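Residue-level listing of the chains:
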Amino acid sequence: MAEAPPAIAVPALALFPLRTVLFPGGLLRLRVFEARYLDLVARCLRTGAGFGVVCLRQGSEVGRVTEPAHLEPIGVHACIDHVEGQQAGLLYLRCIGRQRFLFDGEPAASPDGLWSVAVRDLPPDAPCLPAPELFATVQALARAIAALRERGQMPFAEPLQLDDAGWVANRWCELLPIALAARQRLMELADPAQRLVLVDEYLRQQRIIS
């Protein structure tokens, strides 16, 4: 098996710690009202840059940064896809998850409370067809998407990629009611085929598929 390409160092990245896990290709909606994040959004829109979303295992998403915080060291780049400003000091964002990254140092908070850290970009999932024995998992996701569409809901960014194991696994990870730590570990897995195998096992254990 060929070795994965090495991680690539990139400059310090502004962080948005959340009590959620963003996956590559995932859709993230944010309600932004704190000054530090409003400034970050303005900077991103001005420069075309994104920010990093990391899972916050301990601490508060909002408020003082003096409180103890535990940030997961692997996160996902987010780019702003759409912005709505319905009133002063409040923005609604639609963001798309891109490539994963790994901390390349200790995160630090600026005087205004914005976290940032030097990171290394991790290789993206290699395109991979789902194995035939996992087709039931793919078909179940297709049915779930169809049902959501009928209700006027679409929690996923398009285009859909039901022929890609990593994409299918990531979307299931976003839908399933699994623990935050388990979701983080699944996002971190370098092998998209193995990620889908684990999702398939969970679906069978829960009798969602047979």
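Up top you'll find the structure we're talking about.
What this report covers is the structure whose coordinates are included nearby. Everything quoted here is computed from the prediction, not taken from an experiment.

## Topic: unusual backbone geometry
With omega at 10°, the peptide bond leading from Glu-158 into Pro-159 counts as cis. Structurally, Pro-159 is set in the loop between helix H2 (135–150) and helix H3 (165–175). With a phi angle near 60°, Arg-207 is a residue other than glycine that sits in the positive phi range. Topologically, Arg-207 is positioned in the segment after helix H5 (192–205).

## Brief notes about the pattern of salt bridges
Applying the stated criterion to the full structure yields 11 salt bridges. A salt bridge links Arg-36 to Glu-34; the nearest nitrogen and oxygen atoms lie 3.2 Å apart. Across the pair, Glu-34 and Arg-36 agree in class, each one buried. Linking Asp-200 and Arg-204 is a salt bridge whose minimum nitrogen-to-oxygen distance equals 2.8 Å. Pair noted here: Asp-200 and Arg-204 are both in helix H5, with a separation of four residues, about one helical turn. A relative accessible area of 7% means that Asp-200 is categorised as buried. Arg-204 gets classed as partly exposed once you look at its relative accessible area, which sits at 33%. Through salt bridges with shared partners, a single ionic network connects Arg-57, Glu-72, Arg-185 and Glu-188.

## A look at the packing of aromatic side chains
Applying the stated criterion across every chain yields a total of four aromatic pairs. Centre to centre, the rings of Phe-16 and Tyr-37 are 4.0 Å apart; their planes meet at 15°, and the pair counts as stacked. A residue pair is termed long-range when its members are at least 10 positions apart, and Phe-16 in strand S1 (residues 8–18) and Tyr-37 in helix H1 (residues 35–47) qualify at 21 residues. Judged by relative accessible area, which is 3%, Tyr-37 ranks as buried. Look at Phe-156 and Trp-167: their rings are 6.1 Å apart centre to centre, the planes differ by 70°, and that puts the pair in the edge-to-face class. Taken together, the positions of Phe-156 in the loop between H2 and H3 and Trp-167 in helix H3 put the pair 11 residues apart, joining distant regions of the chain. Across the pair, Trp-167 and Phe-156 agree in class, each one buried. An aromatic cluster is defined as three or more aromatic residues linked by ring pairs; in this entry it consists of Phe-16, Tyr-37 and Phe-51.

Calculation notes
Residues numbered from 1 in each chain as written. Predicted model: local features only at pLDDT ≥ 70, side-chain atom pairs only at ≥ 80, totals over all residues. Heavy atoms only, no water. Helix = DSSP H or I, 4+ residues; strand = E, 2+ residues; numbered from the N terminus. Salt bridge = Lys/Arg side-chain N within 4 Å of Asp/Glu carboxyl O. Buried < 20%, exposed > 50% of the residue type's maximum accessible area, 1.4 Å probe, protein only. Phe/Tyr/Trp six-rings, centres within 6.5 Å; stacked < 30°, edge-to-face > 60°.

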